[in-house]
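The chain contents come next:
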Amino acid sequence: MGKKGGGEEAIPLFETKEARFRGAYKVFASTVFVGICLIWVYRLTHIPRAGEQGRWAWIGMFMVELWFGLYWIITQSSRFKVVYNYPFKERLSYRYKDMLPDVDIFVCNADPKMEPPTLVINTVLSCMSYNYPPDRLSIYLSDDGGSELTYYALLEASNFSKHWIPFCKKFNVEPRSPSAYFAKVQDITYAQEWLAIQKLYKEMENRIDSATEMSKIPKETRDQHKGFLEWNSKVTKQDHQSIVQIIIDGRDKNAVDIDGQRLPTLVYMAREKRPQWPHNFKAGAMNALIRVSSEISNAPFILNLDCDMYANDADTIQKAMCFFMDEKRGHEISFVQFPQKFDNITKNDIYACAFTVANNIEVAGLGGYGAAPYCGTGCFHRRECLCGKVYSEDYRGEWNIEAKKNANKTVNELEEASKVLANCSYEKDTPWGKKMGLIYGCPVEDMVTGLTIQCRGWKSLYYNPDRKAFLGVAPTTLEVVLIQHKRWSEGLFQIFFSKYCPFIYGHGKIKLGAQMGYCIFLLWAPISILVLYYVIVPPLCLLHGISLFPQVKSIWFLPFAYIFVSRNACSIAEALSCGDTLKVWWNWQRMWVIRGTTAYFFGFIDTISRQLGLSKTTFAVTAKVVTEDVLKRYEQEVIEFGSSTIVFTIIATLALLNLFSLIGGMKKIVQLEFKALDQLILQVILDLLLVIFNIPVYQALFIRNDKGRLPSSVLFKSIVLASLACLMPMI
């Protein structure tokens, strides 16, 4: 491992600290648990008699609150074990100097129309510009669209990198994605160089955009590069041969930038696709990358990124290596997961995409068990672990940092050998997708893959640095957000139903707390049933004057009041401690209700349908391109509806149902001279909160006149459906 002699050897390369106030939190959680138990007791001992109005609604409330309570218990597993990791990259540099290990970087792209080539190459360029020895660095782009436009963009990026990399390192610029860098207001002392490099970038960007718009590669460029011979009229996105092109050969001493410094290896790969062969979505692309890279560079460590997630910290690789190369604990670590962060989140995170609390508490808590989940991007892997190696106590992570596999092969020989590894038929009758590489058969293959690695004895860490390591593009419309969450919740719930359920597959292999921690996310879909029940039944009972909660003067009112106040206070405290504002917290609550009643519900239905054999797994790529008016509304934090899909009909119907119930319930309370208020006060508060949550929905239905409003057809259908629901008798 290239250890240095002397006492420095004993000094760790990273440290782990427990979160503060964990003891106080455990005391608080125990009081909440007592309150939950008292609520269960109240529900069981006060069930209305047979024939009484609201009996079944009451029983339903007991079932919902029982499940909510059990889910809350599951969420505590990660909160009891929150830890934070801190690397010491200065110690790494001192100890290993120029003896750092090779790193392969995988960038995955699926569709050139939904993920534009300019977006992809900005991620690639940011990775090429890391403060890491370029001869130790190899970047691989997987183009699952098999597009010559993406290949052309990568060729352009390779030429621009000869100017961009030395510029970044000379002036130590951040971030190193050209698009993100030039988008920021600059206060610089090197204006001449800045203008020159910006001019080069804009010229490259215009050439790529022009070629993309016309779907035509410039003839001069096509004639210069043999790689374009791979494309002909028969090549389509879903039907093409393996394409592997080594654009920059990092072994070549003549492959240098304008300052004469070596460039990292750069490889384009489009794995073979045939209509009769399953391609297994992103997992299939990742497995092809693992095999192809093993032929070309075979680095012991791999970083995988989505094409829209650029490198935001030039020192990230050194920080990650601190965990793997620590003498005491490094040999146990299979992967280091960084959080998913976004550079286009609005001030108040209108769609709750930042997941600040989840990143800082729930995922960090799983990391406390040595079981941080693999999230599919922003993750450093030990290659051996991805290839199915089982951990053993005598393993010490030795790697030969001087030798490089196939160093004597020519570029053509490497390309031809790699194409075979990217063929459709290569995986037939092999462990790939089962015991090797990413696991197939689930839309969230990353989570399953991380779990299987941990069950082979490895540990994983979660590292959330002060400077965001990677920045991606968050969805800018509500529809895309819900599509994304539907896919996630469906895939996660499929894991719970599969042989990979943490309580079954992880039994005896990972700690019980880790098993429970995984289920925080795996059970998003069934939680939708509980959210729907709470959004529909208590308001309807309020409309009909049926009390589902104890009177204010009753002693049983106290546990309900305590749980409501303490849980919300704790939730606010968590959000504020993670850097969120009250407005961000409020938007998160609204989006939790919207996701729970739509995306998670459809994810639940589709998972059940799949278990019954009525549907198959699909994968949806979310668009990264939006129109200017949509982007403007997003920046103004105006929720984008603008569609008549069933999802928005449900949102509008529930919003109107809550409004009608509140108005009808208050009218009934006033008619009874407020005598019923003592019994219905909690339902009034609940319904009032739901109405306030839905203010943006009412605005989209009745006030707004922009293209992002809800269509009149949705208004008509939602009024009819909400009115019919209000006429239903409660039993």
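Shown above is the structure to which this text applies.
Scope of this entry: the structure provided in the associated data block. Computed from a prediction, not measured in an experiment: that's the story for all the values here. Sequence order as written defines residue numbering, which begins from 1 separately in each chain. A pLDDT threshold of at least 70 governs which residues receive local features in this predicted model, and a stricter bar of 80 or more applies before side-chain atom pairs are shown or counted, although totals over entire chains, interfaces and linings include all residues. Computation of side-chain values: all heavy atoms of the structure, hydrogens and water removed.

## Some remarks on the overall build of the protein chain
Here is step 1: Numbering of helices and strands runs from the N terminus, with a helix taken as a DSSP run of H or I at least four residues long and a strand as a DSSP run of E at least two residues long. Counting its secondary structure elements, the protein chain contains 26 helices and 13 strands.
Here is step 2: Only C-alpha atoms enter the radius of gyration, while the globule expectation follows 2.2 Å times N to the 0.38, with N the number of residues. Relative to its length of 731 residues, the protein chain is compact, with a C-alpha radius of gyration of 28 Å against a globular reference of 27 Å.
Here is step 3: Taken over the C-alpha atoms alone, the protein chain extends approximately 90 × 60 × 60 Å along its principal axes.
Here is step 4: The buried label goes to any residue with under 20% of its type's maximum accessible area, the exposed label to any with over 50%, and the partly exposed label to all in between, with areas taken from a 1.4 Å probe on protein chains only. In the protein chain, which comprises 731 residues, the proportion classed as buried is 57%.
Here is step 5: In what follows, a contact means two residues having at least one pair of non-hydrogen atoms within 4.5 Å. The long-range share in the protein chain, meaning contacts at least 24 apart out of those at least 6 apart in sequence, stands at 83%.
Here is step 6: Counting only carbon and sulfur atoms, one obtains 59% of the accessible surface of the protein chain, whose full area is about 31000 Å².
Here is step 7: The charged-residue count follows a simple rule in which Lys and Arg add positive charge and Asp and Glu add negative charge, with His and chain termini not counted at all. For this purpose, a charge sits on NZ of Lys, CZ of Arg, CG of Asp or CD of Glu. In the protein chain, the 81 positive side-chain charges and the 71 negative ones have mean positions that sit 5 Å from each other. In these tables, accessible area is a Shrake-Rupley quantity obtained with a 1.4 Å probe, and a residue counts as shielded only by the protein chains included in the view.

## What to know about empty space enclosed by the protein
Here is step 1: Grid spacing is 1 Å over the protein atoms alone, the probe is 1.4 Å, and a cavity is where that probe fits but cannot get out, while a pocket is an open set with protein on both sides within 12 Å along at least five of seven lines and lining residues have an atom within 4 Å of a point. Grid points are joined across faces, edges and corners, and a volume is the space filled by probe spheres set on the points. One pass over the structure, following the stated rule, counts 2 cavities of 30 Å³ or more.
Here is step 2: There is about 100 Å³ of room inside the largest cavity.
Here is step 3: Lining the largest cavity, in full, are Val535, Arg590, Val593, Ile594, Thr597, Ile651, Leu654, Ala655, Asn658, Leu690, Phe693 and Asn694.
Here is step 4: Secondary-structure elements contributing two or more residues to the lining of the largest cavity are helix H20 (582-597), helix H23 (646-671) and helix H24 (677-693).
Here is step 5: Within the lining of the largest cavity, the residues separate by chemical class into 8 nonpolar, 3 polar and 1 charged. Classification convention: Asp, Glu, Lys, Arg as charged; Ala, Val, Leu, Ile, Met, Phe, Trp, Tyr, Cys, Pro as nonpolar; all other residues, Gly among them, as polar.

## Focus: the sheet that holds strand S8 (residues 310-311)
Here is step 1: Two strands qualify as a pair provided that DSSP identifies no fewer than 2 bridges between them. Judged by pairing direction, the sheet is mixed, and its 3 strands sit side by side in the order S8-S13-S10 without closing on themselves. The strands lining the two open edges of the sheet, one partner per strand, are S8 and strand S10 (341-342).
Here is step 2: Bridge count between S8 and strand S13 (residues 470-472): 2 bridges; the pairing is antiparallel. Opposite Tyr310, over in S13, you have Leu471 as the bridge partner.

## Points about the environment of Glu295
Here is step 1: The residue Glu295 is located in helix H9 (residues 281-296) in this model.
Here is step 2: Under the relative-accessibility criterion, Glu295 is labelled buried at 11%.
Here is step 3: With 126 residues separating them in the primary sequence, Glu295 and Leu421 have C-alpha atoms 8.6 Å apart.
Here is step 4: Counted as a polar contact is a pair of N or O atoms within 3.5 Å, where, for protein atoms, one must be capable of donating a hydrogen and the other of accepting one, and residues adjacent in sequence contribute only when both atoms are in side chains. Within the structure, Glu295 has its side chain in polar contact with the side chain of Lys409 (distance 3.0 Å).

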